[in-house]
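# Understanding the architecture of this molecule
For reference, the chains in residue letters:
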Amino acid sequence: MRLHCLPLHAALLTALVFCTTPAYAAGTVGTGTPGSCNEAALDAALVGGGTVNFNCGGGQVTIPLTSTKMLTSATSIDGSGLITLDGQAAVSHFYLNNAVNYTLAGMSLVNGKASLGGAIRVDSATVVLTKLLLSNNVAEGLGAKGGAIYTSNGTTLFIQEVRAIANQSDGSGGAIYTSANDTMAMGRFVAQDNQAGAGGGAIFHRGQSLNIGRSLFTGNRVTQWGANGGAIAIDPAGPSSVVLGNSTFYGNTGVAPGGSNGSAVDVTGGQSATIYSSTFAGNSLAEGVIAAHGGTTATLTHTIVSSSLQDNANCFTNTGGSIADGSNNLQFGGSVAQSCGAAIPVTDPLLAPLADNGGFSHTMALKAGSPAIDAGSSCSQFDQRDVARPIGPACDIGAYEAPLPVVVPSAPGGGTTAIPALGGAGLTLLSALLAGLGLGQRQRRQG
Ligand SMILES: [Ca+2]
């Protein structure tokens, strides 16, 4: 049996290597026309596992599903970005069972429905999800978990370049729920507008290791009184390791101050959590943007926690929880100015609106004069956009590394005009234009 080993992003999954085993009869869905790509053809291609591709005429094709695809053999399915599987608000897409490897790539899984995992349920398998859109999937009913994805029984889940948008769980985990003994690592993930009745508007993590890097959480929410974690609720069932880095949390919400803990992130269960090089802004309607309780310590490093609402502390702790200042943080706003720690400076980080600044997901750029610029030390190698740090004399606080300011002579005879905060493409274009005009001049930022 030949093994195909695909190294995942080293910074996210240090030294982890994922191996698929596509040694079974390969299946191709379709015979070259959109009409040939139907559910029966998909069912036939999936028999026995192996590598499954699509031959549907080269355009976008939607295949309505009437049954969940129950897989028990190692399988790798690649839709090449052209295939949508539609659960028609009646069935989920995949139930990945057995202790084998699965890869799902290049597909949109939409309109799925189940009680556990509206699109994908995983039981004890190792799964790679890459270049997927998970949208409008629902976990419905009493005990619902995981609007798009539910894992259990020692599952290992790797997620890369996946967008989870507008999924919903009546219970916990608007997009994803992990059970005890499961591990999950994700990079370049976007969770937007997901909703959970109970905890974790985007993610509810009960499992062991959780590693999130270079991701965006925006517009996620919890809806029931007492539900925690507008974006992420972390409540491990046993020993765990939780690390969140180089990510932006914007506009996530709880139910109300006093009705939820952690409008963005809630950690409990007595396990430590580390949050580094991340930006929190515009989250509201909970006790704290970041909440730690149940004996849990959340350590912040190189992180901006900013709230514009006067009824919302930036950090909240109770029942033995604590927030640790791991150095180089900023906090701003909120009714309790230094709620993330007395040693953390309270100052306006001068964040620009959430926007496309390059990279896989939107970020909040640092405006000129931001105290976050060059205020870090020994940051991670890349920011949320995969821009190498540091730029300038030091790395920046938060998920976004600001470009060098461009200084242009304003007029013959003297004076300069700073043009800050251009994205990489804009900077390249401006440099080219200036070079053409004989004005090219980049100046390293001082201090
Ligand atoms: Ca810098």
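Predicted model only: the values in this text are computed from it and were never measured.

### What about the overall build of the chain?
- The helix and strand tally for the chain stands at two helices and 39 strands.
- Taking contacts inside the chain between residues at least 6 apart in sequence as the whole, the part at least 24 apart equals 71%.
- Looking at the chain as shown, the accessible area adds up to about 16,400 Å², and 54% of this sits on carbon and sulfur atoms.

### Comments concerning the sheet that holds strand E13 (residues 138-139)
- The strand order E10-E13-E16-E19-E23 describes an open sheet built from five strands, whose pairing is parallel. Pairing within the sheet leaves two strands with one partner each, and these edge strands are strand E10 (113-114) and strand E23 (221-222).
- When strand E19 (residues 195-196) meets E23, the two strands line up parallel, connected through two bridges. Paired with Gln195 across the strands is Arg221, a residue of E23.

### Brief notes about the environment of Ala313
- With respect to the element layout, Ala313 can be found in the loop between strand E32 (304-307) and strand E33 (315-317).
- By relative accessible area, which is 12% here, Ala313 ends up buried.
- Considering only alpha carbons, one finds Ala313 and Pro257, 56 residues apart in sequence, at a separation of 9.3 Å.

### Brief notes about the confidence of the model for the chain
- Put simply, the chain has an average pLDDT of 88, and 84% of its residues get 70 or more.
- Low pLDDT, under 50, characterises residues 1-25; the predicted model gives this stretch 54 contacts beyond four residues in sequence or across chains.
- Note on residues 414-447: pLDDT is under 50 here. Beyond four places in sequence and across chains, it has 50 contacts.

### Topic: the coordination of the calcium ion
- Around the calcium ion, the protein contributes the donor atoms Asp374 (OD), Ile391 (O), Ala394 (O), Asp396 (OD) and Glu401 (OE), which lie 2.3 to 2.4 Å from the metal centre.
- If you list the donors of the calcium ion from N- to C-terminus, the spacing comes out as D-x16-I-x2-A-x1-D-x4-E. Of this pair, Asp374 sits in the loop between strand E37 (363-366) and strand E38 (406-409) while Asp396 sits in the loop between E37 and E38; the two residues are 22 residues apart in sequence, bridging distant segments of the chain. Of the two residues, Asp374 and Asp396, neither departs from the other in class, the shared state being buried.

### Overview of the packing of aromatic side chains
- Under the definition given, this model contains five aromatic pairs.
- An angle of 10° between the planes, with centres 5.4 Å apart, marks the rings of Tyr177 and Phe204 as stacked. Separated by 27 residues along the polypeptide, Tyr177 in strand E17 (residues 176-178) and Phe204 in strand E20 (residues 203-205) bring together distant segments of the chain. Each member of the pair Tyr177 and Phe204 is classed as buried.
- Lying across the ring of Phe360, Arg163 places its NZ or CZ 4.1 Å from the centre.

### Description of the state of the cysteines
- In total, this model carries three disulfides according to the counting rule given.
- Across a sulfur-sulfur distance of 1.9 Å, Cys37 and Cys56 are joined as a disulfide pair. Judged by the sign of its S-S torsion, about -95°, the cystine formed by Cys37 and Cys56 is left-handed. In this pair, Cys37 is assigned in the loop between strand E3 (27-29) and helix H1 (39-46) and Cys56 in the loop between strand E4 (50-54) and strand E5 (61-64), connecting sequence segments 19 residues apart.
- For Cys56, a relative accessible area of 6% gives the class buried.
- If you count the bonded cysteines of the chain from the N-terminus, they pair up as 1-2, 3-4, 5-6.

### Some thoughts on H1
- For H1, every residue scored as buried is listed here: Glu39, Ala41, Leu42, Ala45 and Leu46. Angularly, the buried residues of H1 cover 160° about the axis, an arc narrow enough to put them on a single face. Opposite its buried face, H1 presents the exposed residues Ala40 and Ala44, each directed more than 90 degrees away.
- Next to the buried residues of H1 lie E3, E4, E5, strand E6 (69-71) and strand E7 (75-86).
- Near the N-terminus of H1, the side chain that reaches the backbone nitrogen of Ala40, with its oxygen 3.2 Å away, is that of Asn38.
- Just downstream of H1, Gly48 is the residue with a positive phi angle, here 85°.

### Comments concerning the environment of Gly226
- Along the polypeptide, Gly226 turns up in the loop between E23 and strand E24 (232-234).
- As a C-alpha pair, Gly226 and Gly258 span 32 residues in sequence and 8.1 Å in three-dimensional space.

### Brief notes about the side chain of Gln384
- Position of Gln384 among the secondary structure elements: in the loop between E37 and E38.
- Owing to a relative accessible area of 1%, Gln384 belongs among the buried residues under this scheme.
- One polar contact links the side chain of Gln384 to the main-chain carbonyl oxygen of His362, over a distance of 2.9 Å.
- When sequence neighbours within four positions are dropped, the list of residues in contact with Gln384 reads Arg214, Ser215, Leu216, Asn246, Ser247, Thr248, Ser361, His362, Thr363 and Ala399.

Definitions and limits used
Residues numbered from 1 in each chain as written. Predicted model: local features only at pLDDT ≥ 70, side-chain atom pairs only at ≥ 80, totals over all residues. Heavy atoms only, no water. Helix = DSSP H or I, 4+ residues; strand = E, 2+ residues; numbered from the N terminus. Contact = heavy atoms within 4.5 Å. Areas by Shrake-Rupley, 256 points an atom, 1.4 Å probe, with all protein chains shown as cover. Pairing = 2+ DSSP bridges. Buried < 20%, exposed > 50% of the residue type's maximum accessible area, 1.4 Å probe, protein only. pLDDT = per-residue confidence, 0-100. Donors = N, O, S within 2.8 Å, 3.2 Å for Na, K, Ca; no water. Phe/Tyr/Trp six-rings, centres within 6.5 Å; stacked < 30°, edge-to-face > 60°. Lys NZ or Arg CZ within 6 Å of the ring centre and 35° of its normal. Disulfide = S-S within 2.5 Å. Arc of directions from axis to C-beta. Polar contact = N/O pair within 3.5 Å; in protein donor to acceptor, adjacent residues only side chain to side chain.

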